[in-house]
Amino acid sequence: MVRRKRWGNRVKGALFGISVSLIVIYALFPFVWSFISSITPLNELWTPTIHYWPRHPTFNNYKDLIRKTPFGTYFRNSAIVASLTTLASVIIATLAAYSLSRFKGRFSANFLRAMILFHMFPTVFMVIPIFLIMRTLHLVDTYAALVLAYTTFSLPFCIWMLKGYFDSIPCELEEAARVDGCTRAGALWRIIVPLSAPGVAATAIYTFIGAWNELLFAVMLTNSNSMRTLPVGIKMFIGEYTIEWGMLTAGGVLASIPVVIGFLFLQKYLVQGLTAGGVKA
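Residues numbered from 1 in each chain as written. Predicted model: local features only at pLDDT ≥ 70, side-chain atom pairs only at ≥ 80, totals over all residues. Heavy atoms only, no water.

Here the protein shows a mean pLDDT of 83. Residues at 70 or above account for 92%. Long-range and interchain partners of residues 277-281, a stretch whose pLDDT sits below 50, account for seven contacts in this model, where long-range means more than four residues apart. (pLDDT = per-residue confidence, 0-100. Contact = heavy atoms within 4.5 Å.)

A few words now on the packing of helix 8 (residues 171-179) against helix 9 (residues 184-195). The contact between helix 8 and helix 9 brings their axes to 9 Å, and the two run at 135°. The orientation of helix 8 relative to helix 9 falls into the category oblique. Viewed along their axes, helix 8 and helix 9 form a crossing whose handedness is right-handed. Along its contact with helix 8, which presents Leu 173, Glu 174, Ala 177 and Arg 178, the element helix 9 presents Arg 184, Ala 187, Ile 191, Ile 192 and Leu 195. The residue inventory of the contact of helix 8 with helix 9, partitioned by class, reads six nonpolar, no polar and three charged. (Axes fitted to C-alpha atoms, helices over the stretch in contact; angles between N-to-C directions. Helix = DSSP H or I, 4+ residues; strand = E, 2+ residues; numbered from the N terminus. Parallel < 35°, antiparallel > 145°, perpendicular 65-115°, else oblique. Left-handed = near helix turned anticlockwise from the far one by under 90°. Nonpolar A, V, L, I, M, F, W, Y, C, P; charged D, E, K, R; others polar.)

The next point concerns the packing of aromatic side chains. Tallied over the full model, the rule gives eight aromatic pairs. On the basis of an interplanar angle of 80° and a centroid distance of 5.4 Å, the ring pair of Phe 75 and Trp 212 is categorised as edge-to-face. Of the two residues, Phe 75 is situated in helix 4 (residues 71-102) and Trp 212 in helix 10 (residues 197-213); the sequence distance between them amounts to 137 residues. By relative accessible area, Phe 75 is classed as partly exposed at 29%. Considering the side-chain rings of Tyr 98 and Phe 166, the 6.4 Å spacing of their centres and the 80° angle between planes classify their relative orientation as edge-to-face. Of this pair, Tyr 98 sits in helix 4 while Phe 166 is found in helix 7 (residues 143-167), placing the two residues 68 residues apart along the sequence. Accessibility expressed as a relative area gives 4% for Tyr 98, which makes it buried. Using a relative accessible area of 0% as the deciding quantity, one classes Phe 166 as buried. Pairwise contacts between aromatic rings join Phe 71, Phe 75, Phe 208 and Trp 212 into one cluster. (Phe/Tyr/Trp six-rings, centres within 6.5 Å; stacked < 30°, edge-to-face > 60°. Buried < 20%, exposed > 50% of the residue type's maximum accessible area, 1.4 Å probe, protein only.)

Across all of its chains, the model carries two salt bridges by this definition. Note that Asp 64 is salt-bridged to Lys 68, the shortest N-O span being 3.8 Å. Here the residue Asp 64 and the residue Lys 68 both occupy positions in helix 3 (residues 60-68), the gap between them amounting to four residues, near one helical turn. A salt bridge links Asp 167 to Lys 163, with the nearest nitrogen and oxygen atoms 2.8 Å apart. Here Lys 163 and Asp 167 lie together in helix 7, a separation of four residues that amounts to about one turn. The exposure class assigned to Lys 163 is buried, which follows from its relative accessible area of 14%. (Salt bridge = Lys/Arg side-chain N within 4 Å of Asp/Glu carboxyl O.)

Here we come to the side chain of Ser 37. Tracing the sequence through the fold places Ser 37 in helix 1 (residues 2-38). A residue is classified by how much of its surface remains accessible, and Ser 37, at 12% relative accessible area, is buried. Every residue in contact with Ser 37, bar those within four places of it in the chain, is listed here: Leu 45, Asn 61 and Thr 249.

Spelled out as structure tokens, the structure:
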């Protein structure tokens, strides 16, 4: 009986390991294939048979991407816009989530429902109104237009996420800080925010990735090379009659590196932030 149980556990463990391995391979295959394509010469990309590794690997696509295109400008614009969007979203969401968590009432519940309701609408519905607003304010083709648009659409999720995390922190900690002379704002920034580091980190990662990868508003709100972001710049390699596959895949690989590195360093905070907010202390 014991042997059967051990054998059954081993079979379950093996099946679980195989399932996880298949999921990982499925998730990583597009990135690996993009990298292989980025180091493949053009004459080897167009072949009647599939080659899983180039016969003559080369990094000329990366060299051409950096030397012959304004890739550095696109990268800088994405970094600036994503960083400012993350900073603005985290600060605003922290204040809003704290208020909704600590000052509960009918208004706060309705406000949360309204946020989720508006967040359900497809982003494309808001493109024309936001474009008209930015044009009226003379903000088209500026960082401010992109930051305002991205922050607007990231705030509902950020507020919901941080509110759940703040709800799990006992109010007695703030009361103790206020007894020691802290103001409510001081208790928020000195006690609540440090204790909510995993939730704040998860919110920041979500916002940064969303702003880094966003394409629709970046296309609509920018019209010059000096203001285009990475997704728009990489899209320019897809022409009407030809596609620069080498530089397209090289740009995709380089664009994914900051997000991958950031996720590797902050993954434990992301997992904690996504799970802890749903558990009350």
